[in-house]
Each structure stands twice: as structure tokens, then as C-alpha cells.
Amino acid sequence: MGKASRDKRDIYYRKAKEEGWRARSAFKLLQIDEEFNIFEGVKRVVDLCAAPGSWSQFVTRVPHLQVLSRKLYLPAKLSPDSSDNDLPLIVAIDLQPMAPIEGVIQVQGDITNARTAEVIADYSNDLLQVIRHFDGCKADLVVCDGAPDVTGLHDMDEFVQSQLILAGLTIVTHVLREGGKFIAKIFRGKDTNLLYCQLKLFFPVVTFAKPKSSRNSSIEAFAVCENYSPPEGFNPKDLYRLLEKVGSPFGADDLDCSSGWLEGVNKVYIPFLACGDLSGYHSDRSYPLPKVADGTYQSLDPVQPPIAPPYKRALEMKKASSRGIKELEKLSLDS
Ligand code: SAM
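Residues numbered from 1 in each chain as written. Predicted model: local features only at pLDDT ≥ 70, side-chain atom pairs only at ≥ 80, totals over all residues. Heavy atoms only, no water.

Draft legend 1. Quick look at helix H6 (residues 154-175). In a regular helix each residue adds 1.5 Å, so 22 residues correspond to 32 Å; H6 covers 31 Å between its end C-alpha atoms and thus fits that length. Here H6 lies mainly inside the structure; 17 of its 22 residues are buried. (Helix = DSSP H or I, 4+ residues; strand = E, 2+ residues; numbered from the N terminus. Expected span 1.5 Å × (residues − 1). Buried < 20%, exposed > 50% of the residue type's maximum accessible area, 1.4 Å probe, protein only.)

Here it is as C-alpha cells:
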């Protein structure tokens, strides 16, 4: 598919380029914020699975370009009473390297490295680094837009996605302050209820939200978890043992997610909210392309192409193999 046809088919892709966002995901965060006001009182943010970086882009000269930095950094910086210590901090982590963003501390790493939370000693140095960056203070908000490379097998994709969320939750239990918020991308599927119950162990308010910029055809949604309140006496080392209990007959008393949990008094309705301007752009619709003076349409390049995309090696191999085939063909013609 050409760039122009994607521009036509995907209004948020086009708008992202026009407005200077590295990815269309920026609109999802903005629409979640419109509904949940997630940045209120927030100074320190951990952006998990952050590349290419639209959620943590940092404003330098053009203030309206970035999400987290615009919301966080500028108001603090511009306030006459603020000192440098008041400036909010953003730490961004991703498997992939990310082009630098001024004001954002970047860590390249795999968030699932810390999955075996029992072995806390093996916990990734990156995580410890995160807290160091915040001068020992914990984060007010952790966002996680992580997604595996989808296979199209929904059960499998949902499972891998839930591993990312649980890895995110592990990090949350170490870096988020009490009362803080956690926003995580989820894939809706047969285990959504279980995930909801697991998150409810730590957050009294959990809502699943579908921003308007997220296609209806996608199983993606976002868990918006508010007011981090780990169970009394909670030890992050026990996270996985605790999560395993949810969904078993020995699960948390007040949240029985076991087989009968949709019955009678145990029935739980998961709050699900569409967010974003409902009369705004529709992510599943095609829009006509704006024409310039000579009647043509100029497609813009992405704001920041990935600097080391996972498919780079595949492209190099493809190029090398087509070069090889041409050389073989030439040899056979010559002989
Ligand atoms: N929020 C980002 C933005 O606005 O630019 C987009 C994130 S993109 C949808 C998903 C990201 O998850 C990818 O950059 C991918 O590298 C990252 N990711 C997937 N698995 C990961 C893992 N195990 N650890 C760290 N990052 C991971």
C-alpha cells in the first residue's frame, strides 16, 4: 500500500505526520486523557514500550508537538515559581532503540526480563536506573503501550500481550507511588475478565477504555487503573503468586474470578468506555486527501522513521538474496 492510500485510509496516520507525532498512538493517549485527566498532578512518568516515542516526545521549540512533554514539562518550566527540581521527568523504555527526545531519559531493554518477580535480585538494572533517574522518588504515572508482533491468532496474541501487561505491572509495583496511575494497552479476549480481576487487586478503579483513534476492528483497548493501592503487607516478590490465586478457587475473597464468577452476587461488570470526541475523526473510515494549489496531494514522510526496526535485517537479507539471484542469472547468461 502506498503512503498516499494509507493517508486516505488512516486519518490518524496522516494527522500524526501533519502534527509532528512520531506515531498515530499519540491520539490514543490524548483521547484517554480527555476522558480520565490522567496527567493531573503528575511529574514523573515511566513510558514502557515507548518507541518510536510519540507518547513521550519532548517539546523543544514547537510546543504543540508532543504529548507527555507538552502536558508535563512545559507547564512546570513556564511556571514562574518553579525551580529546576520541579521539572517533571520522563523515562522511556523499549526493546528497540529510539531516536533521542530532549528531556526524555531513554533506556533500551526488554520489560519482560523482570518477569520472574520472585528472583528480584535478577531484576533488570534498567528498572533500578528508573528510580535513580527520579532521585529516589517514585513515578506518578506508568504508561505501557507495549504490543508484540501480532500473529493474527487471537488467543496467542492475547496471551503474549497479557505477559507484557504483567511485566508492566511488575515494574509498577516497584516504581509507582501509592495513589499513582497505570495505563496499559490490552487485547480484549476470553481472559479479559481475569486480567481485570488481577489489576483490581492493586487498583480500586479499573476501566477499560477504547479511544476513538483505535480501530473498532482491532481487539486493542486500554486499561486505565487509578489510585495504586497494593494489598496491605504486599511484597513485590510475591506478585506472581498473588496473581495466580486470582481465578483459582482460593482467589481473593472480594473478587472471586473463579469459574462461577459471572454468577449471582459475584457477577462483575467491567467498566468499558469509549473515549475521544465521538463526532471527531473515525479511525475505520477513509477521508478524502487535501489537495495543494496545483491539485495534487503531497504525502508527508513519517516524523521519525525507526532507527533500527526489527525488520531491518529481513530487508537486508531480501536485498542480498535478490542481488545474489541477479548475479547467478548474469553468470548463467555469460557461460
Ligand atoms: N507508545 C509508542 C509511541 O507512541 O510511539 C508506540 C509503542 S508501539 C505500539 C509498541 C512498542 O512495544 C514497540 O516499540 C516494541 O518494541 C515495544 N515492545 C514490545 N515488546 C517489548 C518488550 N518486551 N520490552 C520492551 N518493549 C517492547
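Here the narrative resumes.
Draft legend 2. Representation of the sheet that holds strand E8 (residues 272-275) within the structure. What the 8 strands build is an open sheet, ordered E3-E2-E1-E4-E5-E7-E6-E8; its pairing is mixed. Whereas interior strands pair on both sides, the edge strands pair on one side only; in this sheet they are strand E3 (104-108) and E8. Taken pair by pair, the neighbouring strands of this sheet meet at an average axis angle of 20 degrees, ignoring direction. As judged from the 5 bridges shared by strand E2 (residues 89-94) and E3, these two strands associate in the parallel manner. Each bridged residue has a counterpart across the sheet, and for Asp94 the counterpart in E3 is Gln108. H6 contacts strand E1 (44-48), strand E4 (139-144) and strand E5 (176-187) of the sheet and is inclined by roughly 170 degrees relative to E5. (Pairing = 2+ DSSP bridges. Axes fitted to C-alpha atoms, helices over the stretch in contact; angles between N-to-C directions. Contact = heavy atoms within 4.5 Å.)

Draft legend 3. How the structure looks around helix H3 (residues 25-36). The terminal C-alpha atoms of H3 lie 17 Å apart, and with 12 residues this matches the ideal 16 Å at 1.5 Å per residue to within 8%. Most of H3 sits inside the fold, with 10 of its 12 residues counted as buried. When H3 is considered as a whole, its buried residues turn out to be Ser25, Ala26, Phe27, Lys28, Leu29, Leu30, Gln31, Ile32, Asp33 and Phe36. Immediately beyond the C-terminal end of H3, within one or two residues, lies Asn37, with a positive phi of roughly 50 degrees.

Draft legend 4. Molecular detail of the nonpolar core. Judged by nonpolar contacts, the single largest core of 41 residues is most densely connected at Ile111, Val142, Leu169, Phe182, Leu199, Phe202 and Phe203. Ranked by the residues each element gives to this core, the list is headed by H6, at 8 residues. In this view, Phe202 contacts Leu169, Thr173, Asn227, Tyr228, Ser229, Pro230, Pro231, Phe234, Leu239, Leu242 and Leu243; residues no more than four positions away in its chain are not counted. Within the second largest apolar cluster, 15 residues are counted, among which are Val42, Val45, Ile183 and Cys275. (Core = buried A, V, L, I, M, F, W, Y, C linked by side-chain atoms within 4.5 Å.)

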